[in-house]
Amino acid sequence: MGIRFVDLSQDIFDGMPVYPGNQRTGVFPNKTHEETAKAYANSPSGHTSTSNCLVMSDHGPTHVDAFYHIDKNGETIDELGFEWFYHEAICLDLTKFCNTEDWMEPADLEEACAKAGLEVPEKGSVLIWTGHYEANYGGDYHTWLHTYPGLSMAAMNWLADKGCINVGIDSPSIDSSQAFRDKGYWAHKVCRERKVLNAENLANLGEVVNTRFIFSCLPLKIRGGTGSPVRAVAIYHE
């Protein structure tokens, strides 16, 4: 039996789009091979080296939120166990909402589950493929950051009732982009009240839609972190 991996993460690069108000991502050289070739000119092994400096928000690229992000009494990212970030998952097709600011409702999730023949895994993840990444990432970043659907409060409660502990989406937020204007972060409200994590800025969900797999989104061990960049991966045992 083999193992197949599908990368569900955005590239991290200088100037990548981030949620409005977050620290912009910066990636720039710290030292270069050309510079160290001069510094180590007498190296008997011909040694040179290079390194980069990274500046980013803990909610910048593909990332997972800690409960502390939305609850001042919640756990920081370093206080959460591995079981929150490595477990069974399914991916549902909600691309009918692509390029809208609509709120997805329980009936939409039920329909997607029925069409895929899948059930929400107990203490697992549900990833929502809206098609937003394929349609808008790498092009008009204004559209990427300001026009996408989200999960309604009822939809998030439906997922929590089914035993979901982590919801992922291929857009900047699990809430509709309307929330940036009216500040009604209803999906995040349910995450706070029901102890459900959320992973945002996922990529390539079309490659895993309507399937069940192991989802890994292990965070960095950031002391006091409000979230963390992750290398999100779908793992299939074949």
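Residues numbered from 1 in each chain as written. Predicted model: local features only at pLDDT ≥ 70, side-chain atom pairs only at ≥ 80, totals over all residues. Heavy atoms only, no water.

Chemist: Please clarify how the overall build of the protein should be interpreted in this entry.
Modeler: Helix and strand counts for the protein come out as seven helices and 13 strands. The globule rule puts the C-alpha radius of gyration for 238 residues at 18 Å, and the 19 Å found for the protein is close to it. Dimensions along the principal axes, computed over C-alpha positions, put the protein at roughly 70 × 50 × 40 Å. Evaluated residue by residue, the protein yields a buried proportion of 49% over its 238 residues. Taken as a whole, the protein presents about 11,500 Å² of accessible surface, with 51% of it coming from carbon and sulfur. (Helix = DSSP H or I, 4+ residues; strand = E, 2+ residues; numbered from the N terminus. Rg over C-alpha atoms; globule rule 2.2 N^0.38 Å. Buried < 20%, exposed > 50% of the residue type's maximum accessible area, 1.4 Å probe, protein only. Areas by Shrake-Rupley, 256 points an atom, 1.4 Å probe, with all protein chains shown as cover.)

Chemist: Sorry if this is basic, but what is going on with the side chain of Ser 57 here?
Modeler: Inspection of the secondary structure puts Ser 57 in the loop between strand S3 (51-55) and strand S4 (63-65). On the basis of relative accessibility, which here comes to 10%, the residue Ser 57 falls in the buried class.

Chemist: I tried to follow the packing of aromatic side chains on my own but got confused; where do I start?
Modeler: To describe a pair of aromatic rings, one takes the distance between the centres and the angle between the planes. Evaluated as defined, the whole model comprises seven aromatic pairs. With centroids separated by 4.9 Å and ring planes inclined at 80 degrees, the aromatic side chains of Tyr 137 and Trp 144 adopt a geometry described as edge-to-face. Each of the two residues, Tyr 137 as well as Trp 144, counts as buried. Among the aromatic residues, those joined into a cluster by ring pairs are Tyr 133, Tyr 137, Tyr 141 and Trp 144. Across from the ring centre of Tyr 236, 4.3 Å away, lies the NZ or CZ of Arg 4, which sits over that ring. The ring centre of Phe 180 lies 4.6 Å from the NZ or CZ of Lys 183, which sits over that ring. (Phe/Tyr/Trp six-rings, centres within 6.5 Å; stacked < 30°, edge-to-face > 60°. Lys NZ or Arg CZ within 6 Å of the ring centre and 35° of its normal.)

Chemist: It is not clear to me how the environment of Lys 96 should be interpreted in this structure. Could you clarify?
Modeler: Relative to the assigned elements, Lys 96 resides in the loop between strand S5 (86-93) and strand S6 (103-104). Through-space distance from the C-alpha of Lys 96 to that of Trp 129 is 9.7 Å; in sequence the pair is 33 residues apart. Residues in contact with Lys 96, not counting those within four places in the same chain, are Asp 108 and Glu 111. At 2.8 Å, the side chain of Lys 96 forms a polar contact with the side chain of Glu 111. (Contact = heavy atoms within 4.5 Å. Polar contact = N/O pair within 3.5 Å; in protein donor to acceptor, adjacent residues only side chain to side chain.)

Chemist: Is there a simple way to think about the sheet that holds strand S1 (residues 3-7) in this case?
Modeler: Two pairing modes exist for strands in a sheet, parallel and antiparallel, and in both the strands are linked by backbone hydrogen bonds. Taking strand neighbours across the sheet as the criterion, the nine strands line up as S1-S13-S11-S5-S7-S9-S10-S4-S12 in an open arrangement whose pairing is mixed. With one partner strand each, in any of the chains shown, S1 and strand S12 (227-229) form the two edges of the open sheet. Averaged over all pairs of adjacent strands, the angle between strand axes in this sheet comes to 25 degrees, irrespective of strand direction. Here five bridges tie S5 to strand S11 (residues 212-216), and the two strands are oriented antiparallel to one another. (Pairing = 2+ DSSP bridges. Axes fitted to C-alpha atoms, helices over the stretch in contact; angles between N-to-C directions.)

Chemist: When you look at the packing of helix H5 (residues 153-161) against helix H7 (residues 186-194) in this model, what are you seeing that I'm missing?
Modeler: When two helices pack together, their arrangement is given by the angle between the helix axes and the distance between those axes. Where H5 meets H7, the closest approach of the two axes is 8 Å, and the angle between their N-to-C directions is 30 degrees. Relative to H7, H5 is oriented roughly parallel. Crossing hand, H5 versus H7: right-handed. Side by side, H5 and H7 meet where Met 153, Met 156, Asn 157, Ala 160 and Asp 161 of the first sit next to Trp 186, Ala 187, Lys 189, Val 190, Cys 191 and Arg 194 of the second. Within the contact of H5 with H7, the residues separate by chemical class into seven nonpolar, one polar and three charged. (Parallel < 35°, antiparallel > 145°, perpendicular 65-115°, else oblique. Left-handed = near helix turned anticlockwise from the far one by under 90°. Nonpolar A, V, L, I, M, F, W, Y, C, P; charged D, E, K, R; others polar.)

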